[in-house]
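Listed below, chain by chain, are the residues.
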Amino acid sequence: MKCRTCRGPAIIDLKAHNANFCAEHFLAFCREQVARAIKKHRMLGPDERVLVAVSGGKDSLAVWDILLELGYQADGFVIGLGIGEYSETSTGYARAFASERGLTLHETSLRDDHGFDVPTAAEVTRRVPCSACGLSKRHLFDKAAIDGGYDAVATGHNLDDEAAVLFGNTLRWNTEYLGRQRPVLPARDGFPRKIKPLVRLGEREMAAYCVIRGIDYIVEECPMAAGNKHLRYKEALNAIEAESPGSKHAFYHEFLSKAADRFADDAAGAIADGTSELGTCTRCGSPSSNEVCAFCLLVERTADAVPVTLGERRGARR
Ligand code: SF4
Ligand SMILES: [Zn+2]
Ligand SMILES: [Zn+2]
């Protein structure tokens, strides 16, 4: 097995690209894929500042590293979600990554700064934990980016993530979400631009990237993800990919080039319906279609709740 670039011994084979690479040229390949995604989808200008939504997992640390390698001004932001040991460990990896490299990592803790955590919010709202978690992450990342004067928020969603989401949206012909599923969402109405620079790279590539770069990351999945439909969609797509390498890439990227525009009206209609009266949350100042935004309502609802310890949650629907 020889490296496509230098013909030296290869350490990884990428069947979807019909290529093998040595360590050095694999890293170059990853950077090139990110640079291509940024350019093609006009994610970032050369002098723009980007805030990376960091979890401590491989994807968010890799995207931060690659953005810096490509010369972008990238700081990190990590949220303590309060999901027991998982959150402490993952935040620890984010801190270590930043401190070893002298990078700026902003931090907030749901419990310390906002009075609740994800397991407690799930219990109070009687909904799946990912619902309160996703709402909190979107709100806090957006607010941190706007308050910090960043031009965009970057997330570590990779090709496997995006293909799995597309698969789920297609299974249900959820045209509103299909119209919004793009690697860049422009800034609007007080929300920052959102970008997904890893859409040309998969999970396996990102794990290999971190190993080669010496980036330590949390390997365990979030304990709240068990039973998550996206994990099953990923497994289904992996089975197809094993038989037909390149399927995931074609599924997602051909969707973007050939089909996404067809659903633009569905997405635009939903945005207009939901936010036509967009004002400002009277408590936190974030854009909101109601007097109080969904995050501040969650803070209010959880204010008097007894904190839930992991393993003790009962009765919440999955
Ligand atoms: S799996 Fe769900 S609860 Fe866990 S970090 Fe992701 S969104 Fe949050
Ligand atoms: Zn090489
Ligand atoms: Zn608010």
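Relevant structure appears above.
Because the structure is predicted, anything quoted here is derived from the model rather than measured.

Engineer: Residue-level account of the pairing of strand 5 (residues 105–109), with values.
Structural biologist: Bridge analysis of strand 4 (residues 73–80) against strand 5 gives five bridges, and the strand direction is parallel. Residue pairing across strands places Val-78 opposite Glu-107, the latter belonging to strand 5. Crossover strand 4 to strand 5 through helix 3 (residues 84–101) is right-handed.

Engineer: Can you break down the site of ligand 1 residue by residue, with the values?
Structural biologist: As a structural note, the neighbourhood of ligand 1 is formed by Leu-81, Ile-83, Cys-130, Cys-133, Lys-137, Cys-222, Met-224 and Ala-225. Looking at the shell around ligand 1, its residues break down into seven nonpolar, no polar and one charged.

Engineer: Tell me what's going on with the nonpolar core, and back it up with residues and numbers.
Structural biologist: Core analysis: the largest hydrophobic core is formed by 52 residues, its most contacted members being Phe-26, Trp-64, Leu-67 and Tyr-209. For this core, the leading source of residues is helix 1 (residues 23–40), giving seven residues. One finds Leu-51, Val-118, Met-224 and Leu-298 within the second-largest nonpolar core, a separate group that totals 30 residues.

Engineer: An account of the coordination of the zinc ion (ligand 3) is requested, with residue identities and associated values reported.
Structural biologist: Perfect tetrahedral coordination of a metal by four donors corresponds to 109.5 degrees between them, and perfect octahedral coordination by six donors corresponds to 90 or 180 degrees. Protein coordination of the zinc ion (ligand 3) is provided by Cys-281 (SG), Cys-284 (SG), Cys-293 (SG) and Cys-296 (SG), with donor distances spanning 2.3 Å. Bound by four donor atoms, the zinc ion (ligand 3) shows angles of 107 to 113° at the metal and therefore tetrahedral coordination geometry. Donor residues binding the zinc ion (ligand 3) come from one chain and are separated in sequence as C-x2-C-x8-C-x2-C. With Cys-284 in the loop between strand 9 (279–280) and strand 10 (287–288) and Cys-296 in helix 13 (residues 294–302), the pair connects residues that are twelve residues apart, well separated along the chain. The exposure classification of Cys-284 matches that of Cys-296, with both residues buried.

Engineer: Explain helix 3 to me, and be specific about the residues and the numbers.
Structural biologist: With 18 residues, helix 3 should cover 26 Å at 1.5 Å per step; its first-to-last C-alpha distance of 27 Å lies within 8% of that length. Listing the buried residues of helix 3 in full gives Tyr-86, Ser-87, Ser-90, Thr-91, Ala-94, Phe-97 and Ala-98. For helix 3, the arc enclosing every buried residue in end-on projection is 120°, short of the 170-degree limit, so these residues lie on one face. Opposite the buried face of helix 3, at more than 90 degrees from it, the exposed residues are Glu-85, Glu-88, Ser-99 and Glu-100. Buried residues in helix 3 make contact with strand 3 (49–54), helix 2 (58–69), strand 4 and strand 5. Following helix 3 by one or two positions, Gly-102 adopts a phi angle in the positive range, close to 65°.

Engineer: Now, about the sheet that holds strand 4: what can you tell me, with residues and values included?
Structural biologist: In spatial order, the strands read 5-4-3-6-8-7; together these six strands make up an open sheet with mixed pairing. Each edge of the open sheet is held by one strand with a lone partner, namely strand 5 and strand 7 (184–185). Pairing of strand 6 (residues 152–154) with strand 8 (residues 193–195) involves three bridges; the strand directions are parallel. Bridge pairing in strand 8 places Val-153 opposite Lys-194. Sheet contacts for helix 2: strand 3, strand 4, strand 5 and strand 6; angle to strand 3, the most-contacted strand, approximately 160°. Its contacts with the sheet put helix 3 on strand 3, strand 4 and strand 5, and the angle it makes with strand 5 is roughly 160°.

Conventions used here
Residues numbered from 1 in each chain as written. Chains lettered and ligands numbered in written order. Predicted model: local features only at pLDDT ≥ 70, side-chain atom pairs only at ≥ 80, totals over all residues. Heavy atoms only, no water. Pairing = 2+ DSSP bridges. Helix = DSSP H or I, 4+ residues; strand = E, 2+ residues; numbered from the N terminus. Right-handed = clockwise from strand over helix to strand, strands pointing away. Near = heavy atom within 4 Å. Nonpolar A, V, L, I, M, F, W, Y, C, P; charged D, E, K, R; others polar. Core = buried A, V, L, I, M, F, W, Y, C linked by side-chain atoms within 4.5 Å. Buried < 20%, exposed > 50% of the residue type's maximum accessible area, 1.4 Å probe, protein only. Donors = N, O, S within 2.8 Å, 3.2 Å for Na, K, Ca; no water. Tetrahedral: all angles 85-135°; square planar, octahedral: opposite > 155°, others 65-115°. Expected span 1.5 Å × (residues − 1). Arc of directions from axis to C-beta. Contact = heavy atoms within 4.5 Å. Axes fitted to C-alpha atoms, helices over the stretch in contact; angles between N-to-C directions.

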